[in-house]
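Given next are the chains, with one letter for each unit.
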Amino acid sequence: MTGAVIVSPPQEVALIDARKAIDMFDKTKIPVLGIVENMSTWICPSCGHESHVFGHGGAEAEAKRLGLPFLGAIPLDIAIRLSGDAGAPVAAAAPEGAQARAFRAIARRLIEGGIV
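Figured I'd write up the structure that's included with this text.

## Focus on the nonpolar core
Right, so step 1: Core analysis: the largest hydrophobic core is formed by 11 residues, namely A4, I6, L15, A18, I22, F25, V32, I35, A59, A63 and L68.
Right, so step 2: Elements with a contribution of two residues or more to this core: β1 (4-8), α1 (12-27), β2 (32-37) and α2 (58-66).
Right, so step 3: Per-element tally for this core: the top contributor is α1, with four residues.
Right, so step 4: One finds V36, L71, I106 and L110 within the second-largest nonpolar core, a separate group that totals seven residues.

## Details of the pairing of β2
Right, so step 1: Of all six residues that make up β2, six are buried, and the element is covered over most of its length.
Right, so step 2: Direction of pairing for β1 relative to β2: parallel, over a ladder of five bridges. Each bridged residue has a counterpart across the sheet, and for V7 the counterpart in β2 is V36.
Right, so step 3: Each parallel crossover has a hand, and for β1 linked through α1 to β2 it is right-handed.
Right, so step 4: Relative to strand β5 (residues 70-73), β2 is paired through three bridges, and the arrangement is parallel. The residue bridging V36 from the neighbouring strand is G72, located in β5.

## Things to note about helix α3 (residues 78-85)
Right, so step 1: In this structure D77 caps α3, since a side-chain oxygen of it lies 2.7 Å from the backbone nitrogen of A79.
Right, so step 2: Within two residues after α3, G87 carries a phi angle of roughly 85°, on the positive side.

## Notes on α1
Note on helix geometry: an α-helix contains 3.6 residues per turn, so any two residues three or four positions apart are oriented the same way.
Right, so step 1: Between the first and last C-alpha of α1 there are 23 Å, a value that for 16 residues agrees with the 22 Å anticipated at 1.5 Å per step.
Right, so step 2: Taken as a whole, α1 has its buried residues at A14, L15, A18, I22 and F25. One face of α1 carries all of its buried residues, which in axial projection span an arc of 95°. Exposed residues on α1 whose side chains face more than 90 degrees from its buried face are V13, K20 and K27.
Right, so step 3: In this fold, the buried residues of α1 make contact with β1, β2 and α2.

## Digging into the state of the cysteines
Right, so step 1: Tallied over the full model, the rule gives zero disulfides.
Right, so step 2: Left without a disulfide partner, C44 is nearest to the cysteine sulfur of C47, which lies 3.7 Å away.
Right, so step 3: Among the residues examined, C47 registers a relative accessible area of 60% and is labelled exposed.

Reading guide: rules and limits
Residues numbered from 1 in each chain as written. Predicted model: local features only at pLDDT ≥ 70, side-chain atom pairs only at ≥ 80, totals over all residues. Heavy atoms only, no water. Core = buried A, V, L, I, M, F, W, Y, C linked by side-chain atoms within 4.5 Å. Buried < 20%, exposed > 50% of the residue type's maximum accessible area, 1.4 Å probe, protein only. Helix = DSSP H or I, 4+ residues; strand = E, 2+ residues; numbered from the N terminus. Pairing = 2+ DSSP bridges. Right-handed = clockwise from strand over helix to strand, strands pointing away. Polar contact = N/O pair within 3.5 Å; in protein donor to acceptor, adjacent residues only side chain to side chain. Expected span 1.5 Å × (residues − 1). Arc of directions from axis to C-beta. Contact = heavy atoms within 4.5 Å. Disulfide = S-S within 2.5 Å.

Structure, rendered in structure tokens:
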């Protein structure tokens, strides 16, 4: 195993679990490659208003505090759930969509940063 990527919503209660996962990977000598903030923002499909339903920036702040790379943020979006439920990852189902771009940006950071 090359390493683990920790994915966490930004709110504190979720970050508690993320810290436990990081501790487990440290104990098993599996490197943590970075942290991704999931459900970082929600854009209203009707009016375009951006809302931070679960807060914003918590995973990025945790990555900084721990000296780990912050790899990016994934939006809260129904397309991600629908495509996953259909068995087609959103990056494959809608490769030009904002969700796919977010996943590609994270992968690019892992590669360009020499993390993987």
